Amino acid sequence: MTALLFYILSALALLTTLLCLTRPNPVHALLYLMQALFAVALLYYLLGAPLLAAWQVILYAGAIMVLFLFVIMLLEPASAAKNAAAKRFRWIPPAMIGSLLLACGGILVGMDPLKSGEIAGFWLSPRGFGQALFEHFGLAVEIVSLILLFAAVGAFHLARRHSANREDAS
Amino acid sequence: MMVPLGHVVTLAGLLFTAGLLGVLLRRNLIMILIGVEIMLNAAGIVLVGASAYWRHPAGQLFALLLMPVAAAEVTVALALVIYLKRSRGTLDVNRFDGMKG
């Protein structure tokens, strides 16, 4: 049962990735990429990483994809609103993929890994995850937080408008 | 582990190849960044699969550390995208040939 779910989710992840990479419109590509990331999150859950699956949805499919959407809306509002009424039934393929993903997620969550043994032979609870992380990799957490801080400063510097002080900047 | 490790690695390899082809073949800068995201996700699948195979939490911890690194990369890259769009007025990478020999 879990092996079947693994192959279904793998096929869905590959299908949505290929659809994402072949879309001409970046917004459509981004929405397919969100479905691919959701499929990967379910694969994480299947492979015994429930906390990682939750963070995949929150961080990747939530924060990073919304950042992409912000930038696309900021830079190319024309392509975002282009040919909105071109095809009537193009919502059907993503809706089918989304409902399949939801069904797989429902089956996975309903399996109750703690009672029926383990899903994939290995199950790292959030408590064990946190203990392993802060016992052995506390320094790595600090370094990653510093990387995020540097990235935020660099992004702020790059995206600032230079029109006010163009003379002394050049 | 019910799914063999080879199948997990194969899936990650296929996803990585798809992302790499997207990076190499698409000419829109945002689509290239999406390809990079797909490649990072494929790396995460390998890490979590290896963690389940050896029953050791280190793989999952590295997959966790992969996420903030990807977020930092996307932050800087999207700021560069905004900068390039403002200074050059386009996102087509074929137009950025200022260092062509």
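Everything discussed here concerns the structure shown above.
Quick caveat, the model's predicted, so the values are computed rather than measured.

What counts and how
- Here the residue numbers are simple positions, counted from 1 along each chain's written sequence.
- Just so you know, chain letters begin at A and ligand numbers begin at 1, following the order they were written in.
- The predicted origin of the model limits local features to residues at a pLDDT of at least 70 and limits the giving and counting of side-chain atom pairs to 80 or more, whereas totals for whole chains, interfaces and linings rest on all residues.
- As a rule here, side-chain values cover all heavy atoms of the structure and leave hydrogens and water aside.
- The helix count covers DSSP runs of H or I at least four residues long, the strand count covers runs of E at least two residues long, and both are numbered beginning at the N terminus.
- Residue burial is assigned from relative accessible area. The probe radius is 1.4 Å, only protein chains are included, and a residue is buried under 20% of its type maximum, exposed over 50%, and partly exposed in between.
- By definition in these notes, contact holds between two residues if any of their heavy atoms fall within 4.5 Å.
- Here the open area of atoms and residues is found with the Shrake-Rupley method and a 1.4 Å probe, where only the protein chains shown may cover a residue.
- Residues scored as charged are limited to Lys and Arg (positive) and Asp and Glu (negative), so that His and the chain ends carry no count.
- Charged side chains are reduced to one point each, which is NZ for Lys, CZ for Arg, CG for Asp and CD for Glu.
- Salt bridge, as used here: a side-chain nitrogen of Lys or Arg that lies within 4 Å of a carboxyl oxygen of Asp or Glu.
- Two parts placed together each lose some accessible area under a 1.4 Å probe, and the buried area is that loss summed for both.
- Two N or O atoms count as a polar contact when they lie within 3.5 Å, although within protein this holds only if one can serve as hydrogen donor and the other as acceptor, and sequence-adjacent residues are included solely when both atoms are side-chain atoms.
- Each axis is a line fitted through C-alpha atoms, taken for helices only over the stretch in contact, and angles between the N-to-C directions span 0 to 180 degrees.
- Angle categories: roughly parallel below 35 degrees, roughly antiparallel above 145, roughly perpendicular from 65 to 115, and oblique for all the rest.
- Side-chain classes are defined by residue name, with Ala, Val, Leu, Ile, Met, Phe, Trp, Tyr, Cys and Pro counting as nonpolar, Asp, Glu, Lys and Arg as charged, and the others, Gly among them, as polar.
- Pairing of aromatic rings covers Phe, Tyr and the six-membered ring of Trp, with a centre-to-centre limit of 6.5 Å; geometry is then stacked below 30 degrees between planes, edge-to-face above 60, and tilted otherwise.

Enquirer: Can you walk me through the overall build of chain B in this structure?
Expert: When helices and strands are tallied, chain B shows 3 helices and 0 strands. When the helices and strands of chain B are placed in sequence order, the string is α-α-α. When burial is assessed residue by residue, chain B has 52% of its 101 residues classed as buried. Once local pairs closer than 6 in sequence are excluded, the contacts in chain B between residues at least 24 apart make up 57%. Accessible surface, chain B: about 4600 Å² in total, of which carbon and sulfur atoms supply 68%. In chain B, the 8 positive side-chain charges and the 4 negative ones have mean positions that sit 2 Å from each other.

Enquirer: Mind showing me how you'd approach the side chain of B:Glu37 here?
Expert: When you line up the elements, B:Glu37 lands in helix H2 (residues 29-54). Despite being buried, B:Glu37 has no salt bridge partner; B:Arg26 is the closest side chain of opposite charge, sitting 16 Å away. Residue contacts for B:Glu37: discarding those within four places in its chain leaves A:Tyr60, A:Ile64, A:Phe68, B:Ala70, B:Glu73 and B:Val74.

Enquirer: Could you clarify how one ought to interpret the interface of chain B and chain A in this entry?
Expert: Contact residues are listed per partner, giving 55 residues for chain B and 58 residues for chain A. A combined buried area of about 5200 Å² lies between chain B and chain A, and 80% of that area is made up of carbon and sulfur atoms. Summed over the shared surface of chain B and chain A, the result is 0 salt bridges. At the boundary of chain B and chain A, one finds 5 residue pairs in polar contact (both at pLDDT 80 or more).

Enquirer: Is there a simple way to think about the packing of helix H6 (residues 126-136) of chain A against helix H3 (residues 58-88) of chain B in this case?
Expert: Geometry of a packed helix pair, given as the angle between the helix axes and the separation of the axes. Where H6(A) meets H3(B), the closest approach of the two axes is 10 Å, and the angle between their N-to-C directions is 80°. Taken together, the axis directions place H6(A) and H3(B) in an arrangement best described as roughly perpendicular. Residues A:Phe129, A:Ala132 and A:Leu133 of H6(A) form the contact with H3(B), whose own contacting residues are B:Gln60, B:Leu61 and B:Leu64. Here the residues of the contact of H6(A) with H3(B) sort into 5 nonpolar, 1 polar and no charged.

Enquirer: Is there a simple way to think about the packing of aromatic side chains in this case?
Expert: The description of two aromatic rings rests on the distance between their centres and on the angle between their planes. Taken as a whole and judged by the stated rule, the model has 5 aromatic pairs over all chains. Each ring, one from A:Phe137 and one from B:Phe62, has its centre 5.4 Å from the other, and the planes form 80°; the classification is edge-to-face. Taken together, the positions of A:Phe137 in the loop between H6 and helix H7 (138-159) and B:Phe62 in helix H3 put the pair across two chains. The class for A:Phe137 is buried, based on a relative accessible area of 19%. For the ring pair B:Tyr53 and B:Trp54, a centre distance of 4.9 Å and an interplane angle of 85° mean the geometry is edge-to-face. Relative accessible area serves as the criterion here: at 59%, B:Trp54 is assigned to the exposed category.

Enquirer: Just to check I follow, could you spell out the packing of helix H2 (residues 26-46) of chain A against helix H3 (residues 50-75) of chain A for this structure?
Expert: All names here are of chain A. The interhelical angle for the contact between H2 and H3, taken along N-to-C directions, is 170°, at an axis separation of 8 Å. Overall, the two elements H2 and H3 adopt an arrangement that is roughly antiparallel. Touching Pro26, Val27, Leu30, Leu33, Met34, Leu37, Phe38, Val40, Ala41, Tyr44 and Tyr45 of H2 are Pro50, Leu52, Ala53, Gln56, Val57, Tyr60, Ala61, Met65, Phe68, Leu69 and Ile72, all from H3. Classifying every residue of the contact of H2 with H3 by side-chain character gives 21 nonpolar, 1 polar and no charged.

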